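Structure assessment
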Amino acid sequence: MLNGLCESMLKKAKLKAFIISKNRIRLYWLATAFFFVGLFIKLTLELREDNEVDILDQKILLLISKLRVSLFNAAAVDFTALGSPTIISLLLIFGVSLLLFKKDKISALYLVLSVLGSTFLVYIFKHFISRERPQIMDHLVDVSGFSYPSGHSLGSTSFYLAIAFLLCRYFHKFREK
């Protein structure tokens, strides 16, 4: 009986340690997310108020234009296309269809909301900040509208991270079987 009680207490202690460890990891990721949101807000405020950021931006663009190799231009355009609304929309339709086929409505909704949420945020921020595109170098692709925040960057990051999160969930379930 004493052996069973000791085993029970040991199991509870291991479970408690696991939960604390898991909560620490979540807290770490939450703190990291808040750090980057704060960094984004700071950069955005600097862009609105300070001309020094524009000067730095121009210097970086001039450096990039000097390093540009025409051999890689097509690859750069293709890579950028992975964040285009057309590609994201097609992959979203495919992903949602696959999730609905698997009868996972919550994940399908999560995927749709991640894309719609990032699209909404980009629209709001672009019109709030109203930062013109720099004309200091030739563009590989003609684009219009405001430059910051990057719709390609935010849209593709939110979509591909949502996909990665869902894949981790599915592979975790797959490993348990």
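Residues numbered from 1 in each chain as written. Predicted model: local features only at pLDDT ≥ 70, side-chain atom pairs only at ≥ 80, totals over all residues. Heavy atoms only, no water.

With respect to the overall build of the protein
Operational definition: Strands are runs of DSSP state E lasting at least 2 residues, helices are runs of H or I lasting at least 4, and numbering of each runs from the N terminus. Note on exposure labels: buried denotes an accessible area under 20% of the residue type's maximum, exposed denotes more than 50%, and partly exposed covers the range between, all computed with a 1.4 Å probe on protein chains only. Here the Shrake-Rupley method, with its probe set to 1.4 Å, supplies the accessible areas, and only the displayed protein chains count as covering residues.
The helix and strand inventory of the protein stands at 6 helices and 0 strands. Each helix and strand of the protein, placed in order from N terminus to C terminus, yields the pattern α-α-α-α-α-α. When the 177 residues of the protein are sorted by exposure, 19% land in the buried category. In the structure as shown, the protein presents an accessible area of about 14,200 Å², 71% of it carried by carbon and sulfur atoms.

Quick look at the nonpolar core
As a reminder of what qualifies: Buried Ala, Val, Leu, Ile, Met, Phe, Trp, Tyr and Cys residues form a nonpolar core when they are joined through side-chain atoms within 4.5 Å. What makes two residues a contact is simply this: any of their non-hydrogen atoms within 4.5 Å.
Ranked by size, the top nonpolar core spans 10 residues in total: Ile88, Leu92, Val96, Leu99, Ala108, Leu111, Val115, Phe159, Ala162 and Leu166. For this core, the secondary-structure elements that each account for two or more residues are helix H4 (85–101), helix H5 (105–129) and helix H6 (151–176). Broken down by element, this core gets its largest block of residues, 4 residues, from H4. Once you skip the residues sitting within four places of it in the chain, Phe159 turns out to touch Ile88, Leu91, Leu92, Leu111 and Val115.

Section: the packing of aromatic side chains
Short version of the rule: For Phe, Tyr and Trp, where Trp contributes only its six-membered ring, two rings pair if their centres lie within 6.5 Å, and the inter-plane angle classes them as stacked under 30 degrees, edge-to-face over 60, or tilted in between.
Per the counting criterion, the structure on display carries 4 aromatic pairs. On the basis of an interplanar angle of 75 degrees and a centroid distance of 5.2 Å, the ring pair of Phe35 and Phe36 is categorised as edge-to-face. Ring centres of Phe40 and Phe125 lie 5.1 Å apart, and the angle between their planes is 75 degrees; on these two criteria the pair is classed as edge-to-face. In this pair, Phe40 sits in helix H1 (residues 2–49) while Phe125 sits in helix H5, placing the two residues 85 residues apart along the sequence.

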